[in-house]
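Residue-level listing of the chains:
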Amino acid sequence: MPNQPDPIDPDVDLHVPAQRQELHLPFVALVSLGGGLGGVARYGLSSAVPGTWGLFVINVLGSFLIGVLMGLVPKPLVRAFFGVGLLGGFTTFSSYAASWSWALFATPVCAVLAAFLGLRVTR
């Protein structure tokens with residue numbers, strides 16, 4: 001499509017050829033490891049706080065921590081491990097929608113507010 005702007009990613013400078021590659025082995029390995037650990041942490045917390053409240057707490061807490069991470073950590077590989085991997089595996093937005101209740105509407109709103117608050121607290 002003509003005159004389309006390039007996507008913006010603060011962790012990638014598209015003028016540096018080495019950063020334009022889609023998959024770097026360290027990036028994929030860190031995301032995979034973090035995702036596995038985040039999934040285990042989610043399982044542990046959801047066992048302690050079962051049901052809709054557990055999903056709500058996990059998603060809002062994870063979103064807050066993502067906001068904190070984005071405010072504190074400038075390194076792309078650290079963000080990949082903790083943000084995309086660990087906290088991506090920890091939050092469980094795919095399963096919150098399966099429960100039709102107040103959480104279906106409250107979770108996305110509270111999660112976005114929590115991420116914004118986490119970012120504001122760190123800046």
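For clarity, every value in this text was computed on a predicted model and none was experimentally measured. (Residues numbered from 1 in each chain as written. Predicted model: local features only at pLDDT ≥ 70, side-chain atom pairs only at ≥ 80, totals over all residues. Heavy atoms only, no water.)

(A) Molecular detail of the overall build of the chain. When helices and strands are tallied, the chain shows five helices and zero strands. Reading the chain from its N terminus to its C terminus gives the helix and strand order α-α-α-α-α. Sequence separation of 24 or more characterises 76% of the internal contacts of the chain that already satisfy a separation of 6 or more. Total accessible area on the chain stands at roughly 8100 Å², and carbon and sulfur atoms take up 71% of it. (Helix = DSSP H or I, 4+ residues; strand = E, 2+ residues; numbered from the N terminus. Contact = heavy atoms within 4.5 Å. Areas by Shrake-Rupley, 256 points an atom, 1.4 Å probe, with all protein chains shown as cover.)

(B) Looking closely at helix α3 (residues 76-90). Taken as a whole, α3 has its buried residues at Arg-79, Ala-80, Phe-81, Gly-83, Gly-85, Leu-87, Gly-89 and Phe-90. As for α3, its buried residues are in contact with α1 (25-48) and α2 (51-72). (Buried < 20%, exposed > 50% of the residue type's maximum accessible area, 1.4 Å probe, protein only.)

(C) Region of the structure containing the UniProt feature "binding site: Na(+)" (unreviewed entry) in the chain. Under the UniProt annotation, "binding site: Na(+)" (unreviewed entry) lies at Gly-88 and Thr-91. Structurally, Gly-88 is set in helix α3. In contact with Thr-91, other than residues within four places in its own chain, are Arg-42, Ile-58, Asn-59, Gly-62 and Ser-63. (UniProt positions renumbered as here; feature names shortened; annotations may be inferred.)

(D) Representation of the environment of Gly-88 within the structure. Take Gly-88: its relative accessible area is 37%, and that puts it in the partly exposed class. When the C-alpha atoms of Gly-88 and Gly-35 are compared, they prove to be 6.4 Å apart, with 53 residues separating the residues in sequence.

(E) Highlighting the UniProt feature "transmembrane region" (unreviewed entry) in the chain. The UniProt record annotates "transmembrane region" (unreviewed entry) at residues 25-45, 51-70 and 102-121. Overall, residues 25-45 shows 100% helix and 0% strand. The separation of its end C-alpha atoms is 30 Å.

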